[in-house]
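# Observations on chain architecture
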Amino acid sequence: MSLATTQKIFKQFDIHSGFLLDLLGRPNYWSSVSQWKRDELEGRNAFEFFCQHPRWHQRGRYDKGRQHATKGNKAPCSVYMHHSPSKNLTLYIVAAPDDGEWFSFVHRIQLGHCEKDGPKLTPRDAAVSPFMIHTLVNSIAWESSTDYMAEIRNRLMGQLRKINFDDDPGNGIPTRAVNTLRAMEARRELEGLTILLNQVSQMINTGLSSVFSSIQLSDRMMAAHKTFCQRNYMDAPGSIVDRTHSMMKYLLDAFYCQQNYFNGYNLRKETAMNFVFHIVTQQDSATNLDMAAKMSKDSSSMNTITIVTMLFLPGTFSATVFSSVAFRATDSGRAEITDYMWPFLAVTVVLTVSVVGFWYWRIKTKENFRLKVEYDEEKV
């Protein structure tokens, strides 16, 4: 709509100013408003009700990566209704993305009677029951939610099949699940499984939020419809108005059932994630036990080497010293110290101090680097 047309309609029908932001596409799912207002031209009251439906389709909702998307996410569907009893006039304004989904209610209004299809909703029915189009749009939202739930179910079941229990659920031993996870190639398989389950978790949380908004909207729509019917005495049993109210009640119950399904899927997802976590933990424990056993064997070997070294090192040291050039035997068989004794001691002491000093410098360098890294992390 153009700016001039919008201003003219808002002024002529005294449309609530809160609907203007909904008309522009601002997400405001708690914007359901119903009220009686004064029709100054007729001198009687008119009724208005407007609301906004949650966006269900995840792939259609986040379209920033698409080539044709230039303005970010799609706007939600906003519906406004103005009914004037004195004029018997109902005005509807539906603002939604131009993808044909939300406007499919137009095809449900049959202009004439078709013997093949049977009786359908006619324009007269929509005129007699002003809330009928509101209810049709709400039913479209419910159908979108069923598609959303089907996608969650397919994704969740696809991951559950990878960690499924034995065919006999009564034995209580997840043999096939354990064998499957142990046969997986490394942690990359488990990591991918956890990421996919996390994506399902986000979809479930989004679905729970949307279905809660739909339940609130359906409940407020029923309350507004009840107030409207009581004021105009239009709640005769079996009438199109009564059928509209029954359809609203059905949609409210359907959204409650969907909420239960979402909660059930959420529990199954949590069970799967906990199962994967415990399997990984058990594998880690088994790996740690295996490493501990190997380290115990290595420790036993090191103890043996240490004992052998303690037995032979003193004798080896003594033999090395006495066979060096610092000592020699005279012709009479007596041992004497040569002039090489002091160079031998000097070189030995220098080398010993150098090795110990290099070892100490390397240990301090590692310690200082670790402290510097920890300081930089705390500073950041």
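Residues numbered from 1 in each chain as written. Predicted model: local features only at pLDDT ≥ 70, side-chain atom pairs only at ≥ 80, totals over all residues. Heavy atoms only, no water.

### Some words on the overall build of the protein
Short version of the rule: We count a stretch as a helix when DSSP gives it H or I for four or more residues in a row; a strand needs E for two or more, and each element gets its number in order from the N terminus. Burial here depends on accessible area, computed with a 1.4 Å probe over protein chains only, as a share of the maximum for the residue type. Under 20% is buried, over 50% is exposed, and the range in between is partly exposed. Here a residue-residue contact requires only that any non-hydrogen atoms of the pair lie within 4.5 Å. All accessible-area figures derive from a Shrake-Rupley calculation using a 1.4 Å probe, and residue coverage is judged against the displayed protein chains alone.
From N to C terminus, the protein includes nine helices and six strands. Split into buried and exposed, the 380 residues of the protein put 34% on the buried side. By sequence separation, contacts in the protein at least 24 residues apart represent 65% of the contacts at least 6 residues apart. By element, 58% of the accessible surface of the protein is carried by carbon and sulfur atoms, the whole surface being about 24,700 Å².

### Here's the deal with the nonpolar core
Soluble globular proteins tend to bury their nonpolar side chains together. Defined as follows: Residues belong to a common nonpolar core when they are buried Ala, Val, Leu, Ile, Met, Phe, Trp, Tyr or Cys residues joined through side-chain atoms within 4.5 Å.
Of all hydrophobic cores here, the largest spans 54 residues; its most connected members are F49, F131, I152 and F262. Counting residues per element, this core draws most heavily on helix α7 (residues 186-232), which supplies 15 residues. What F131 contacts, discounting residues up to four positions off in sequence, is F47, F49, M81, Y92, M221, A224, H225, F228, T244 and M248. Core analysis: the next-biggest nonpolar cluster, separate from the first, contains eleven residues, F13, F19, Y80 and A95 among them.

### Structural notes on the sheet that holds strand β2 (residues 44-53)
Under the convention used in this document: Being paired, for any two strands, means DSSP has found at least two bridges between them. All axes are obtained by fitting lines to C-alpha atoms, using only the stretch in contact for helices, and the reported angles, taken between N-to-C directions, cover 0 to 180 degrees.
Judged by pairing direction, the sheet is antiparallel, and its four strands sit side by side in the order β1-β2-β3-β4 without closing on themselves. Since the sheet does not close on itself, it has two edges, and those belong to β1 (33-39) and β4 (89-95), each with one partner. Between one strand axis and the next, the sheet turns through 15 degrees on average, direction left out of account. As paired strands, β1 and β2 are joined by seven bridges and run antiparallel to one another.

### Points about the pairing of β2
With eight of its ten residues buried, β2 lies for the most part within the structure. The pairing of β2 with strand β3 (residues 77-84) spans seven bridges and is classified as antiparallel. Following the sheet pairing, F50 is matched in β3 by Y80.

### Digging into unusual backbone geometry
Although it is not a glycine, D14 adopts a positive phi angle of roughly 50 degrees. Its place among the elements puts D14 in the loop between α1 (3-12) and α2 (18-23). The phi angle at N88 is positive, at roughly 55 degrees, despite the residue not being glycine. By the element assignment, N88 lies in the loop between β3 and β4. Residue classification places N88 among the exposed residues on the basis of a relative accessible area of 60%.

### Some remarks on the packing of helix α5 (residues 132-160) against helix α8 (residues 240-322)
As a reminder, the rule being used: Angular relationships are summarised with four words: roughly parallel below 35 degrees, roughly antiparallel beyond 145, roughly perpendicular across 65 to 115, and oblique for the angles in between. Take the far helix as your reference; a near helix turned counterclockwise from it by less than a right angle gives a left-handed crossing, and one turned clockwise gives a right-handed crossing. When residues are sorted by character, Ala, Val, Leu, Ile, Met, Phe, Trp, Tyr, Cys and Pro go into the nonpolar class, Asp, Glu, Lys and Arg into the charged class, and all the rest, Gly among them, into the polar class.
As a packed pair, α5 and α8 sit with axes 10 Å apart at the nearest point and diverge in direction by 20 degrees. What the angle tells us is that α5 and α8 run roughly parallel. Along this stretch, α5 crosses α8, giving a crossing that reads as left-handed. Within the contact of α5 with α8, the residues separate by chemical class into 21 nonpolar, seven polar and three charged.

### Points about the environment of V276
Within the secondary structure, V276 is located in helix α8. The sequence separation of V276 and E191 amounts to 85 residues, and the corresponding C-alpha distance is 9.9 Å.

### Observations concerning the side chain of H134
Mapped onto the secondary structure, H134 falls in helix α5. Apart from the residues within four sequence positions on either side, H134 is in contact with F49, C51, V79, Y80, M81, Y92 and M221.

### Side note on the packing of aromatic side chains
Spelled out, the test is: Stacked, tilted and edge-to-face are the three classes applied to pairs of Phe, Tyr and Trp rings, where Trp contributes its six-membered ring and a pair requires centres within 6.5 Å; stacked means planes under 30 degrees apart, edge-to-face means over 60, and tilted covers the rest.
Tallied over the full model, the rule gives 15 aromatic pairs. With a centroid separation of 6.0 Å and 50 degrees between ring planes, the pair formed by F47 and F131 is classed as tilted. Of this pair, F47 sits in strand β2 while F131 sits in the loop between α4 (123-128) and α5, and the two are 84 residues apart along the sequence. On the basis of an interplanar angle of 50 degrees and a centroid distance of 5.5 Å, the ring pair of F47 and F228 is categorised as tilted.

### Structural notes on the pattern of salt bridges
Rule in force here: A carboxyl oxygen of Asp or Glu within 4 Å of a side-chain nitrogen of Lys or Arg is what we treat as a salt bridge.
Applying the stated criterion across every chain yields a total of eight salt bridges. Between K269 and E270 there is a salt bridge whose closest N-O contact spans 2.5 Å. Here K269 falls in the buried class, since its relative accessible area comes to 2%. Judged by relative accessible area, E270 falls into the partly exposed class, the value being 33%.

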